[in-house]
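Each chain is listed here by its residues.
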Amino acid sequence: MWSPTEEEKYGVVICSFRGAVPQGLVLELGETVQILEKCEGWYRGVSIKKPNVKGIFPANYIHLKKAVVSNRGQYETVVPLEDSVVTEVTATLQEWAVLWKQLYVKHKVDLFYKLRHVMNELIDLRRQLLSGHLTQDQVREVKRHLTVRLDWGNEHLGLDLVPRKDFEVVDSDQISVSDLYKMHLSSRHSVQQSTSQVDTIRQRHGDACRMPVPHHFFLSLKSFTYNTIGEDTDVFFSLYDVREGKQISERFMVRLNKNGGPRNPEKIDRMCALFTDLSSKDMKRDLYIVAHVIRIGRMLLNDSKKGPPHLHYRRPYGCAVLSIMDVLQSISEIKEEKDFVLKVYTCNNENEWCQIHENIIRKSSTKYTAPSSNYGLIISLQLLRGDMEQVRRENPMIFNRGVSVTRKLGFPDVIMPEMKIVGCDIRNDLYLTLEKGDFERGGKSVQKNIEVTMYVLYADGEILKDCISLGSGEPSRSAYHSFVLYHNNSPRWGEIIKLPIPIDRFRGSHLRFEFRHCSTKDKGEKKLFGFAFTPLMRDDGTTLSDDIHELYVYKCDENSTFNNHALYLGLPCCKEDYNGCPNIPSSLIFQRSTKESFSVSTQLSSTKLTQNVDLLALLKWKAYPDRVMDILGRLRHVSGEEIVKFLQDILDTLFVVLDDNTEKYGLLVFQSLVFIINLLRDSKYFHFRPVMDTYIQKHFAGALAYKELIRCLKWYMDRSAELVRQDHIQEAMRALEYLFKFIVQSRILYSRATCGMEEEQFRSSIQELFQSIRFVLSLDSRSSETLIFTQAALLNSFPAIFDELLQMFTVQEVAEFVRGTLGSMPSTVHIGQSMDVVKLQSIARTVDSRLFSFSESRRILLPVVLHHIHLHLRQQKELLICSGILSSIFSIIKTSSLEGDVVEEVEMMVESLLDVLLQTLLTIMSKSQSQEAGEYVSCLLSLLRQMSDTHFQHLLDNFQSKDELKEFLLKIFCVFRNLMKMSVFPRDWMVMRLLTSNIIVTTVQYLSSALHKNFTETDFDFKVWNSYFSLAVLFINQPSLQLENATPAKRKKIIDKYGDMRVMMAYELFSMWQNLGEHKIHFIPGMIGPFLGVTLVPQPEVRNIMIPIFHDMMDWEQRKNGNFKQVEAELIDKLDSLVSEGKGDENYRELFSLLLLEKIEQETWRETGISFVTSVTRLMERLLDYRDCMKGDETENKKIGCTVNLMNFYKSEINKEEMYIRYIHKLCDMHLQAENYTEAAFTLLLYCELLQWEDRPLREFLHYPSQSEWQRKEGLCRKIIHYFNKGKSWEFGIPLCRELAMQYESLYDYQSLSWIRKMEATYYDNIMEQQRLEPEFFRVGFYGRKFPFFLRNKEYVCRGHDYERLEAFQQRMLSEFPQAIAMQHPNHPDDSILQCDAQYLQIYAVTPIPDSIDVLQMDRVPDRIKSFYRVNNIRKFRYDRPFHKGPKDKDNEFKSLWIERTTLTLTHSLPGISRWFEVERRELVEVSPLENAIQVVENKNQELRTLISQYQHKQMHGNINLLSMCLNGVIDAAVNGGIARYQEAFFDKDYITKHPGDAEKITQLKELMQEQVHVLGVGLAVHEKFVHPEMRPLHKKLIDQFQMMRSSLYHELPGLDKLSPACSGSSTPRSNILVSHGPMSPESIKLLHRHSPLNLLGSVRHSSSSLSSHTSSETGNLVILTDSSVGEAAEEMYHMQASPSTSSLSSTHSAPSQMINSAPSSARGSPSLPDKYRHTRELMMLLPTHRDRPSSAMYPAAIMENGQPPNFQRALMQQMIGPCKPCSDPNLSVADKAVPAAPSSWSLDSGTREALPFLSVHVGSILAPPVPPRSLPHGHYSLHFDAFHHQLNDAPPALPARTLRKSPLHPIPASPTSPQSGLDGSNSTLSGSASSGVSSLSESNFGHSSEPPPRTDTMDSVPSQAWNTDEDLETPYLPVRYSLSEPDVLESLKSQPCRSHSAPSGVIPQDTLDPPALPPKPYHSRLPNTENEEGMIIEDDDKHRQLHRKVSQPVSGGKEEQARVAWEHGISEQ
């Protein structure tokens, strides 16, 4: 049965409980629980963490703790009965635990380990506190350590500062705000201080009597290294003051054995001393640690003869010094010991031993000898601070080591009294210094070795034991033996000995010094020859004075006896003594040696003995009755040390003297008393004040003294107006406190003795005394400086007398005295600043006094205190002191308010202070004086907090007029606003900030009603209302109130105490807004931004309250203006800036839309309203996206995309020009940061286009100054041109140059015109000369709801970076979207992907389709110009995907292989303001297999024609490798079944019958095949002509294979039997193949095309340029096209796109063509798409050796076999480079010998492509970088074998390798029908795996329509730039006349010089030529840079790409060639 618990109410979980029972409560170890019920070993209750969840848990899992239960029952609260510090530690550790782990995650390792250490310490200290075994002092100390560590951790973790009092957290409700402020300050201070510092005594105001902190040096001797003395040593350490030239401390003595260790084994590691009581002054002195080393042994160290071995003497050895000034800095900073080495120097002359340390310090190096290195004393030093008790407490380890306390000589700066009030320090030490002696030689030839022995003897002749100390650290002894100076009759010792003689033995004791000569002869006797003595006390009772005493030396010998000391004590000991007793008999036993003398000096440090005669005279005044006046007068000359030693005796004596004769001695006794009282004000004797207090309370007996004291005091004050010298008056004023103590105590004693007689007289005398005090204070002191000091002294002492007066008078009476006195002070206006300070300090002490704590006295004193403060605050003087006084008053009032009623006092303060406080704060805040601001803010808040409803009501009613009220409201609102704007309180003062907010919100609630009542209707005042609204907005936005950022525990705490103050203020704000009525219109649009800021606060309730205000604003503006344009404009403007500051979220967007649409529904203007809300909501979507991008670690692309999106929205949807322009500049800056210069230029161009060439003035905006529109546009144009230049987009910059030029010309600004024209010219030069890389383009689809709004479910095309390929781009995208998944297929995604909560990326490369076809069709335009138009201003892109339609024929895939061609149209052209643009439209078409075949064959034909014509032109002569490879590829493939596959597929009767509509296309394919045979024939003829003799076998093989090919096609294509002579061996004229009359130029060959120029690109653009098999393209694709081979290409030509499939017709050897045919095709999506319209950046700069390329946008391509070039290339190279013999392996076919197969889907940049970058210069428009049109020299294309070999073997810099295929592929034979063609399931076209040779036809990219264009065999197909038929015109290529024999060809070679741009004969030229887009730069200026000695053209970028070229071309004729070409070029231009 469950029963409520009585005692078991609170506990801690000691074992985690998983709650695996019904209603079980899950509990973690360390959680606290509140127990409600119990039942059989189970409890039912709640966890404090989750107070709403009740459950059961086992009782034995809980450790019960005692607790206090209040409000028993259902809603009871339980508070644990434990120390509040323990509770705080527990809570703090739980909070830290979470943050501590986060530190590790954030790599803040240092703080992580420090915090762990502190947490362990806290746990340990908490355990100690809980143990309950500590004393009160220990508990206090543990709490101090706990709080210091808590504060340290909180500060380092960025948590809130905890205000404390006595180590416990204060409750802010229990103390005033001023006190809370001070506690925050002191907590902050304690955090900053080190953990070891203790609380020091501070007085609140005035000169603090702060105790000077003594310093102590801890010194430890570690060792005496390399001690080579070989004898025992004594080392004496002391502190020495260089300036004073004297020792200031006792000596610390260490006794070492001959090995350098301690003589006493117990002293190991204990040779340490503490030099105590060094004052701050001492620390500034030039102090040294001096160590004297005395050895104990033979007389001479190195002479064993000198003295017997058994006799040991103390002999000087050496000295070491260490400057404390030098090491003070280093030892002050650390808290542990630091080691130092002291070198020991030896003395050169023993006579100067007493000065050795001075010589070392002065560096008089001649007087001492330096030791060998590493020889010396190793000591450690540590500096300690604080009194000895504190030092003992904090450094117990030092005292456990048996440290020797080594004192100063004399008293420290602070003397402790002997009574155990503060401390105990009784001393009676006599320090005696053996100074020097002068002795006779005594008839000896050498001087003596003198040793002095000293004894202390008592009066009875007994030697006192243990009264001589050589130094601390060793026990005292009974005799002292000095060290011996060798052969010295005038020794100087300078050795200090301490004589700690008991006080009771001091009187009557004397010192005896015996002098002996130490013989060094064999016996080694010590012979006594004299003695001296001195008593310690004189006859008059004074001790031996601190001075040098020259003592008489008396002769004696060993036989002399000192048993009867009376024999010599009667003798004079010194000169003074002799003068005192002249009648000395001469016949004494001891004769004085008049020529000898001995000097000692003494210094007494005693708390009991005096050396002062005057003091003794005072104490024995009755013995000298005549001298009493003189004795009293001389007391002022007695030293303070002596007075405090005999304080009680002196005071007793003074009062006895006073009683003896008041009339006579009264004034003198008063003065003496004043002198003694003031002496105790000195910090040195401050500790004796308690001695004085005790004396007054317990020992003082002067019952009549008060009368005389009052009389004297009054007499002094009354005379202060007359006297010029007022020193004695001022001293009396300073002694006022103790004088009153004596007066009151005296009166009490008198009253007791007489039962209260003479009470009235006493009261009236006090009244009169106060009148005198007021009189003194009321005097005008401006004329008298001395009077000022008197008044100041009086004011300083005055508050100290209140407590004494309260003993005799009532509180009200004393208060009246004080009020009268304070009131008599002149106001601020009349006195000087120093007096102001004194006056205020006096008021401050009054407020701090006990008197002020009584409410009766406060009512009397407050008005006068407030009056003075008011005056000062009005004049802004002494603000800090005033704030201190005010905070004390508020503190007292707060404390009193907890006990009683303070309404009246608060009322007084409100009337006097509120207004002036506000004014003061405004002034302080304007100067940013934070400390003063903090003080006054706390005062103001204290006052406001104390004010109740009635106070506010009175305050508001008391205003005379509305103007006054308005001024007050404006002031207080302004102060509150500043409070929130300026951080008066630091961020971590959370308690202070929350309390401030609470007071503000309460005050505002009181004031808002007054605002509404007085300033709403007719008296509406915009300024006050605006001020109110601004305050409310600032309040709600305060960082300290944003509870969402706080931890759950902190949030709960705040809400429990204050609630959510933002909601309170929001309700207040809303109701005030509603009260405005028609005046709301005044705040539109001004308050829209601030209110919007409030609604963006992430607090749902605040949003719900505030968002409807916008509807209200729209409504009011609609009523007034008929629209709400202002609201709209302002809302959009402010929304932008607020969201970018981090405010707002998705919830806000939804709530904003929901609430406003709901309100707008009922309005007449609902349509415009809804439209507006919708557009704002959409803007918010974009702004939130933008912000998320900007604040996260997002990549540049995402940020740019976001900005473009937002910018377009501003322009197109809400037409906010200013915002649009702002984002233009933001976008531009981002582009510049990312080095997208072209995009940056396009972005700025948007702004430029908004401006006109007008002189309209423009205001300052962003970074633009105020200037005219013309100037701004000009500046923008220049900047844009500059960015286009940096982005190498000169073509875009040139129109701007022209525009600027036009402006300059119209203004006749020729200087600028000249500059811009030169700039334009430079750009033309750059176009022609500088290498530019063509970018890749990638299509990216962003699918899924997790993408930002502006990307979600959209597709974009992106312009890649330089050198960026598909894999790199894909990697970049995945790193930008790390959560995204890459889709592995190019198909359009379905809805499940579009709507899922994920991110999918679909990426593949696309091919650009240029718009500027005209430029590209012009033959005369150099390729460098064309290349720009191929990849710029592109809006359409293409992508091809092969697929099989219908059943797939396993024997011949080509029958069913279709191409799906996708064309993407973008919203804007690339490049533009972004590297990305969204796809606007997609179009899909399908290309049939037949059209595919037509395009493949046509492309191959074009490729062959181009290459052949180049060889005809003799540009390639000398090296026909390319031609060999190309011919071999086509012929070998054809023989092995390449073209045959097409025959099988499309010439089959079944196909023809099934596809009757394809008849024309089939005919076209046949003609193309026919054409190919003829072109091959011509090629073989050319090959035969140029072939190297060693390559003849290859040529023969080619001819054999060609015949096989021709015969295989014979039946299908009749007419092929007519072969060229080169092929057939006969010279039969060639017929019906090509134009028979002209040389075979590209243009002439074009006449044969059955298609429009579209077909030109086929072989060039695609890796599938092979006709039939893998090997075919290895040679075939090495064709080089010249500039003119492109001709005019129809638009379809640009629609060709690489297929994404890896199934490529092109063989493993197709790389060369792709290499030559320019870069980007494969990266754009297919391994098989060479691009004829791009230059050769891949060849010259990009491609590493053997790097394969992505085979498609989606699937990786293969790499070479084992990273080697394809086998065919290797074979061919061996033939070329080796012995040049044909391969004769009988088992290999010709094709196999020449062309071993490599992996099938060879990518664009494999093998030969890499190998031949130097060819690329002349690969025509496909390959060549942009160059101006020009004629080319003979031999230009020649390729040397060595060069070829070199390029193959010297790899360019490697770029990342592409992914491998699934497996290395077997060599594939040439025939597609062979078994290894690879057409199985795994390698099928659609599977994305390795493709077959047959399927590679799919990769050809052809025209986009399935119907072929009509045949154009006529002249219509002649390009516009036509050829002239005239024979005398030079042709660009050498003629090939198929009907001629070889000699004719040779003849034509000789006869026809090269000339560029001339046409072949038989073609009629057109009259007009379309000019190129940009005029070419004249060729000759480039010539020296572009040709090397062999005549090769070197690309500019070769400089950057360090490709070695092995040159073996003959150098001769280089210059002649250049000259000839330049000349020809000039003619051709003409």
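Fair warning: this is a prediction, and the values are worked out from it, not measured in the lab.

## Considerations on a positive patch on the surface
On the surface, Lys444, Lys521, Lys523 and Lys527 cluster together into a patch of positive charge. With respect to the element layout, Lys523 can be found in the loop between strand S27 (510–518) and strand S28 (526–535). You can call Lys523 exposed: its relative accessible area is 66%.

## As for the sheet that holds strand S11 (residues 215–225)
Spatial ordering of the open sheet is given by S18-S21-S11-S15-S22, a layout of 5 strands whose pairing is mixed. Of all the strands in the sheet, the pair left with one neighbour each is strand S18 (338–343) and strand S22 (404–406). Direction aside, neighbouring strands of the sheet carry axes that sit 30° apart on average. Pairing of S18 with strand S21 (residues 376–385), which is carried by 6 bridges, proceeds in the antiparallel orientation. Across the sheet, residue Phe340 finds its bridge partner in S21, namely Ile379. Of the strands in this sheet, S11, S18 and S21 touch helix H6 (residues 324–333), which is tilted by about 60° from S21.

## With respect to unusual backbone geometry
Between Ile1084 and the following residue, Pro1085, the backbone shows a cis peptide bond with an omega angle of 5°. Relative to the helices and strands, Pro1085 resides in the loop between helix H36 (1061–1076) and helix H37 (1088–1095). Residue Leu1470 is joined to Pro1471 through a cis peptide bond whose omega torsion reads -5°. Summarising the element assignment, Pro1471 is placed in the loop between strand S38 (1457–1470) and strand S39 (1476–1487). The backbone phi angle of Asp269 is positive, close to 65°, even though this residue is not glycine. Within the element layout of this structure, Asp269 appears in the loop between strand S14 (252–256) and strand S15 (272–278). Of note in this structure, Lys363 is not a glycine but carries a positive phi near 60°.

## What about the pattern of salt bridges?
Considering all chains together, one arrives at 84 salt bridges under this definition. Salt-bridge contacts for Lys408 lead to Asp282; the nearest nitrogen and oxygen are separated by 2.7 Å. Taken together, the residues span a long stretch of sequence, with Lys408 in the loop between S22 and strand S23 (428–438) and Asp282 in helix H5 (residues 280–284) at a distance of 126 residues. With respect to burial, Lys408 and Asp282 carry one shared label: buried. Linking Glu1334 and Arg1430 is a salt bridge whose minimum nitrogen-to-oxygen distance equals 3.9 Å. Of this pair, Glu1334 sits in the loop between helix H48 (1310–1329) and strand S33 (1337–1343) while Arg1430 sits in helix H52 (residues 1423–1431); the two residues are 96 residues apart in sequence, bridging distant segments of the chain.

## Here we look at the packing of aromatic side chains
Within the structure shown, the criterion is met by 66 aromatic pairs. Their ring planes at 40° and their centres at 5.9 Å tell us that Phe1342 and Trp1476 sit as a pair that is tilted. Here Trp1476 lies in strand S39 and Phe1342 lies in strand S33, a separation of 134 residues in the sequence. Each member of the pair, Phe1342 together with Trp1476, is buried. Among the aromatic residues, those joined into a cluster by ring pairs are Phe973, Phe1020, Phe1022, Trp1025, Tyr1028, Phe1029, Trp1073, Phe1083 and Phe1091. The ring of Trp1116 has Arg1119 lying over it, and the distance from NZ or CZ to the ring centre is 4.3 Å. Cation over ring: Lys1226 sits above Tyr1223, and NZ or CZ is 4.3 Å from the ring centre.

## A closer look at the packing of helix H27 (residues 855–874) against helix H29 (residues 903–927)
Direction vectors running N to C along H27 and H29 enclose 15°, while the axes themselves pass 10 Å from each other. Of the possible angle classes, the one that applies to H27 and H29 is roughly parallel. Considering the relative orientation of H27 and H29, their crossing is left-handed. Along the contact surface, H27 presents Ser855, Arg858, Arg859, Leu862, Pro863, Leu866, Ile869, His870, Leu873 and Arg874, while H29 presents Glu904, Glu905, Met908, Met909, Ser912, Leu913, Asp915, Val916 and Thr920. Split by residue class, the contact of H27 with H29 holds 9 nonpolar, 4 polar and 6 charged.

## Here's the deal with the sheet that holds strand S26 (residues 492–499)
On the basis of which strands lie adjacent, the open sheet formed by 8 strands has the order S25-S24-S27-S28-S29-S30-S23-S26 and antiparallel pairing. This sheet does not close on itself; its edge strands, each paired only once, are strand S25 (479–481) and S26. The average angle at which neighbouring strand axes cross in this sheet is 25°, direction not considered. Both S23 and strand S30 (residues 592–606) contribute to a ladder of 10 bridges, which runs antiparallel.

## Observations regarding the nonpolar core
If you look at the biggest cluster of nonpolar residues, it comprises 319 residues, and the most contacted ones within it are Phe742, Phe1029 and Phe1091. Counting residues per element, this core draws most heavily on H29, at 13 residues. Those residues within four positions of Phe742 in sequence are excluded, and the remaining contacts are Leu651, Phe655, Leu673, Ile677, Met692, Tyr695, Ile696, Phe700 and Leu709. Judged by nonpolar contacts, the second largest core, of 62 residues, contains Tyr368, Leu430, Leu432 and Tyr568.

## Brief notes about the environment of Arg1541
Relative to the elements of secondary structure, Arg1541 occurs in helix H55 (residues 1538–1546). A sequence separation of 90 residues divides Arg1541 from Asp1451, and the C-alpha atoms of the two residues are 9.3 Å apart.

So, how was this worked out
Residues numbered from 1 in each chain as written. Predicted model: local features only at pLDDT ≥ 70, side-chain atom pairs only at ≥ 80, totals over all residues. Heavy atoms only, no water. Patch = residues over 30% accessible without salt bridge, like charges linked within 9 Å, V, L, I, M, F, W, Y side chains within 5 Å. Areas by Shrake-Rupley, 256 points an atom, 1.4 Å probe, with all protein chains shown as cover. Salt bridge = Lys/Arg side-chain N within 4 Å of Asp/Glu carboxyl O. Lys, Arg positive; Asp, Glu negative; His and termini not counted. Charge placed at Lys NZ, Arg CZ, Asp CG, Glu CD. Helix = DSSP H or I, 4+ residues; strand = E, 2+ residues; numbered from the N terminus. Buried < 20%, exposed > 50% of the residue type's maximum accessible area, 1.4 Å probe, protein only. Pairing = 2+ DSSP bridges. Axes fitted to C-alpha atoms, helices over the stretch in contact; angles between N-to-C directions. Contact = heavy atoms within 4.5 Å. Phe/Tyr/Trp six-rings, centres within 6.5 Å; stacked < 30°, edge-to-face > 60°. Lys NZ or Arg CZ within 6 Å of the ring centre and 35° of its normal. Parallel < 35°, antiparallel > 145°, perpendicular 65-115°, else oblique. Left-handed = near helix turned anticlockwise from the far one by under 90°. Nonpolar A, V, L, I, M, F, W, Y, C, P; charged D, E, K, R; others polar. Core = buried A, V, L, I, M, F, W, Y, C linked by side-chain atoms within 4.5 Å.

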